[in-house]
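In case you want the letters, here they are:
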Amino acid sequence: MTSTAEQMHLSVQNLNKTYPRTEVPAVSDINLDVQQGDLVALLGPSGCGKTTTLRMIAGLLEPSAGSIRVKGKEVTSTPVHKRGMGMVFQSYALFPHMSVLDNVSFGLEMRGGGRRGNRKAAKAALDMVQLGHLAERRPAALSGGQQQRIALARALAIEPTLLLLDEPLSNLDAKLREAMRHEIRSIQQRSGTTTLLVTHDQDEALDMADKIAIMENGIIQQYDAPQEIYEHPTNKFVANFVGKANFIPSTSVRQVGEGRYSIEAGAFGDLTVPGVVGIKGDRAELVLRPHRVRLMADGEVAADRPRARGQIIASSYTGNVVSYEMQSSDNDRVIRIDQLSHPADRLPVGAEITVSFDPEDAYLVAEG
Amino acid sequence: MRKALSGTVITVIYLFLLAPIIAVFLISFNSSSALKIDLGSPSLQWYQEMLSNSAFIEGAKVSFITAAVVSVVVLVLGVPVALAIARREFPGKNALSAFFLSPLLVPSVVIGLGLLLVFQPLALTGTYLGIIIAHFGITVPYVIRTTLMSLKTNDVSCEEAARVHGAGPFTTFFRITLPIISPGLIAGAVMAFIISFDEAVISLFVAGSGRTTLPVEMFRYLQYRSDPAIAALSVILILISVLLVVVIERVVGLRKVMNS
Amino acid sequence: MVTLQTTQLRTGGLPVKEKRSAKQRAGTLGLILPGSIGLFVGFVLPLIVMIRMSFNQHGTGGQLVETLTFENYGRALSDPFYWQVIGNTLWLGLLCGGLAVILAYPIALFLTRTTSKWKGVLIALAIAPLLTSAVARTYGWIAILGDQGIINGFLMDTGLLSGPIRLNNDMPGVIIALVEILMPYAILAMISGFGRLNNSLEEAAGTLGASRFKVFMRVTLPLTLPGVFTGFLLVFVLSISSFVTPRLMGGGRVFILATEVYNEATQTLNWPLASALSVILLILFGLLVAGYQQLTKRFED
Ligand SMILES: Nc1ncnc2c1ncn2[C@@H]1O[C@H](COP(=O)(O)OP(=O)(O)O)[C@@H](O)[C@H]1O
Ligand SMILES: [Mg+2]
């Protein structure tokens, strides 16, 4: 335990925070190990404790309990200005009374060093975000996207031991947000800065992060690589929060191997599926991603595939994807099916269809 | 018709509101000592008269020095309190901010009498120190209010960003917080200056037979005489106020200060 | 062995944190202490000394006798003159509050609604009197209302009057001047209280067929009433504690608590009685503010 903590760039152990005059802890027992050079996303709905966690790591907030180590060194009681971290705030928090260059060189200046050297380094950081030409402007005169990059340059200029980003893209419009994702990611990788990104946007997390910690109600629900989170969610909350999911109530659950279960999945009948290790009881829910559900052509037979019949009750069109909602014929369950769209294939509401899926694409989780 | 009526009502009320100022202005150019408006031959004799009244000159000096010192002292002592209220967590915070606004809820005569009772045995009546202490209580609420307003409208995250990027508490205050809230501070200091400069009641109690401020000299003068010399003086005072109001307006905007 | 372990523990996590928050607490104290001491000396201490003084005795020879007696309160509250003074004080407050609100309301409404490019100037004109000395403005009213003042002078010059009518040196003059002097406070309170009012609401009511009068009674007035309450309270409170104007314009015929406190304190030099009157004024003040707040709260619910 201790030895891994020492190898880790950032190691957070049993971190807790209960705000004064509140009953419920804002975060409880956060454990998080981050490897050198990784970008880790804290992902969860608003109010789940992401900012609280980030602020404790930055030193802006005192934990109620727990410890924070950076490169094996305990920093829990190090004052915020001695932690050597860089941070980008949701509101950017640029200093309104300073020029862009002074903003970026602020952290360097605090560390001492010659004025000329600092300005040169600040200029380099500005060039990295491609805003060298705005050095003498005031922040208020710049667009949101530019301010965002300057905030990033300010945080990176000091070559921080850890870069903390609190919803850095949430104030940008959709197009710019996507471009900035890739820009931040590429700068982060080039500079090799270990980074913690707080976001409530699952696309952002999946796109940018090496690992994602899913949070709910102050607790980390799952901490894994993006693909693991998506394919093998440890519980119903994670499956529901990341990506879209059908939950098929399953009965007669019986373990038939390490993480394998035999179940009866409603209209789809008896199946053997992979799932979370250690599901107790004989009821569970089968996670089935809408785009893994296949519409079967008339008369098509797929011998060993589970199938169900039903009627399309709604459809929605978003350009590249058509989503159908199917009411299965035996019960009231609605199943969502996503198909890559093609004008020739569009089915009308009311059409009778048969759907199937590969049991290996589904994943069993405990009842939520 | 209706519009004309409401226009007239508004104009009449405005006239009422500005009547004494207009009257003072016109009378100050009188050529006689009568109070009626007499613009047959406007003269500056009352301005000369006022300038040769040594009590007024002395009072103006005392008022000016007091108001200047008070606005600095009240900033130096008041801003840290506002900072603690806006940026720190501590028990009794609401009580503290109520405490610092409470002088506004006590009639001036009551404060004045209390100060007289404290100052008399200590021989502080009619001294600079006495007047400055007396004016501290009635000006500090304004400074606290304008500072709090500035601190609240400005995002804390600028200060946090400075801290994260390596600035200690003092550096953060002087390099970030202070420059950002300085318009509010200037407004607060100007308000404190005006209030101290115009204050008459409390100063009257603590004046004793020693030094006293210009409003008190004017008050005493008016108890026995009411010639246009006071009008001339009032015009000067009004012009100074207007000048200061323009300063506030330029720096922060009048409505913002008044609404806080 | 055991002690060694505990000392080792002490250098670990929690105590460091305690040290840090102790330092923070000391910092907070450092911020609030100097200002608090200043306010204590300049405000709290005088009030305490004054309250204590109100239980002392004014000796027959004018000397101060340190005791603990309710004599001063007894004297103040058994003398019909002082009841008259209290009555005058309240009457002055009510009248000034009412008149100021009536006059300030149209101005505040106008300033809230106007889209004129002169709006800023008009607002400044309405509230700038606040920032000019009350003594100067009282003088202005003396000049207007006095026996030889502008109005009487005009009336006598034109032969409409043979002798001056008494506008000054009595209650009416004091009220006129106080209303004018305190009106800007009411205007300010109303402007900030009228935030909820916007033209579209009134227009909506108008398009729904309500008459102008109905729109005013059903939409405008209820929305502006909180601002009116605040404005009234402010003027009321400021006029019952006013001193300069009643003293200079009252001509010795207007007796209110503030002027009596001043007389006892500086002319009669009866400090205990002056203190007792101050305490009465303070209590009156507190009761009225508290009662009024209760009232408006109930009204707003
Ligand atoms: N200063 C505070 N005082 C009390 N409660 C707070 C404070 N800041 C946040 N909280 C509460 O803590 C929880 C987590 O907040 P936060 O960390 O800001 O969530 P997130 O960043 O995930 O949206 C929320 O329930 C929030 O209401
Ligand atoms: Mg947050």
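Since the structure is predicted, the reported quantities are computational estimates derived from the model, not experimental observations.

Draft legend 1. A look at the overall build of chain C. A count of helical and extended segments in chain C gives 13 helices and two strands. For chain C, the C-alpha radius of gyration of 27 Å lies well beyond 19 Å, the compact-globule estimate for 301 residues. In terms of its C-alpha atoms, chain C occupies a principal-axis envelope of roughly 110 × 75 × 35 Å. A total of 301 residues make up chain C; the buried ones form 47% of that total. Considering only contacts within chain C whose residues lie at least 6 apart along the sequence, 67% involve residues at least 24 apart. Only carbon and sulfur atoms are counted for the fraction: they give 67% of the accessible area of chain C, which is about 14,800 Å².

Draft legend 2. The sheet that holds strand β4 (residues 65–70) of chain A, seen in detail. All names here are of chain A. In space, the four strands of this open sheet follow the order β2-β1-β4-β5, with antiparallel pairing throughout. This sheet does not close on itself; its edge strands, each paired only once, are β2 (27–34) and β5 (73–74). When strand β1 (residues 10–17) meets β2, the two strands line up antiparallel, connected through five bridges. When the bridges of β2 are listed, V12 appears paired with L32. Strand contacts of helix α2 (residues 50–58): β1, β2 and β4, with the helix running at about 120° to β1, the strand carrying the most contacts.

Draft legend 3. Expanded view of the packing of aromatic side chains. This model, assessed by the stated rule, comprises 20 aromatic pairs over all chains. Aromatic pair F56(B) and Y221(B): ring centres 5.2 Å apart, planes at 55°, arrangement tilted. Linking F56(B) in helix α3 (residues 54–87) with Y221(B) in helix α10 (residues 214–224), this pair joins segments that are 165 residues apart in sequence. Residue class for Y221(B) comes out buried when judged on its relative accessible area of 9%. Pairing F205(B) with Y262(C) gives two aromatic rings, centres 5.4 Å apart and planes at 90°, and the pair type is edge-to-face.

Draft legend 4. Summary view of the UniProt feature "transmembrane region" (unreviewed entry) in chain C. Residue and element names in this part refer to chain C. Mapped onto this numbering, the UniProt entry annotates "transmembrane region" (unreviewed entry) at residues 29–51, 90–111, 123–144, 174–194, 215–240 and 271–292. What you have in residues 123–144 is 73% helix and 0% strand, and the ends, taken at the C-alpha atoms, are 25 Å apart. Along residues 215–240 the backbone is 100% helical and 0% strand, and the end-to-end C-alpha distance reaches 35 Å.

Draft legend 5. View of the domain arrangement of chain A. Residues and elements named next belong to chain A. Its domain assignment divides chain A into domain 1 (3–236) and domain 2 (244–365). The C-alpha-based centres of domain 1 and domain 2 are spaced at 39 Å. Listed by partner, the interface residues are eight residues for domain 1 and eight residues for domain 2. Of the roughly 790 Å² buried where domain 1 meets domain 2, counting both sides, 55% is carbon and sulfur surface. Of all residues in domain 1, Y230, P233 and K236 bury the most surface against domain 2, accounting for 64% of the area lost on that side. Joining domain 1 to domain 2, the criterion identifies two salt bridges. The partner of E231 in a salt bridge is R292, with the nearest N and O atoms 2.9 Å apart. The tally of links from domain 1 across to domain 2 stands at three residue pairs in polar contact (both at pLDDT 80 or more). For the side of domain 1 that touches domain 2, the element with the highest residue contribution is helix α8 (residues 226–231), accounting for three residues.

Parameters and conventions
- Residues numbered from 1 in each chain as written.
- Chains lettered and ligands numbered in written order.
- Predicted model: local features only at pLDDT ≥ 70, side-chain atom pairs only at ≥ 80, totals over all residues.
- Heavy atoms only, no water.
- Helix = DSSP H or I, 4+ residues; strand = E, 2+ residues; numbered from the N terminus.
- Rg over C-alpha atoms; globule rule 2.2 N^0.38 Å.
- Buried < 20%, exposed > 50% of the residue type's maximum accessible area, 1.4 Å probe, protein only.
- Contact = heavy atoms within 4.5 Å.
- Areas by Shrake-Rupley, 256 points an atom, 1.4 Å probe, with all protein chains shown as cover.
- Pairing = 2+ DSSP bridges.
- Axes fitted to C-alpha atoms, helices over the stretch in contact; angles between N-to-C directions.
- Phe/Tyr/Trp six-rings, centres within 6.5 Å; stacked < 30°, edge-to-face > 60°.
- UniProt positions renumbered as here; feature names shortened; annotations may be inferred.
- Domains from an automatic or database assignment.
- Buried area = accessible area lost by both parts, 1.4 Å probe.
- Salt bridge = Lys/Arg side-chain N within 4 Å of Asp/Glu carboxyl O.
- Polar contact = N/O pair within 3.5 Å; in protein donor to acceptor, adjacent residues only side chain to side chain.

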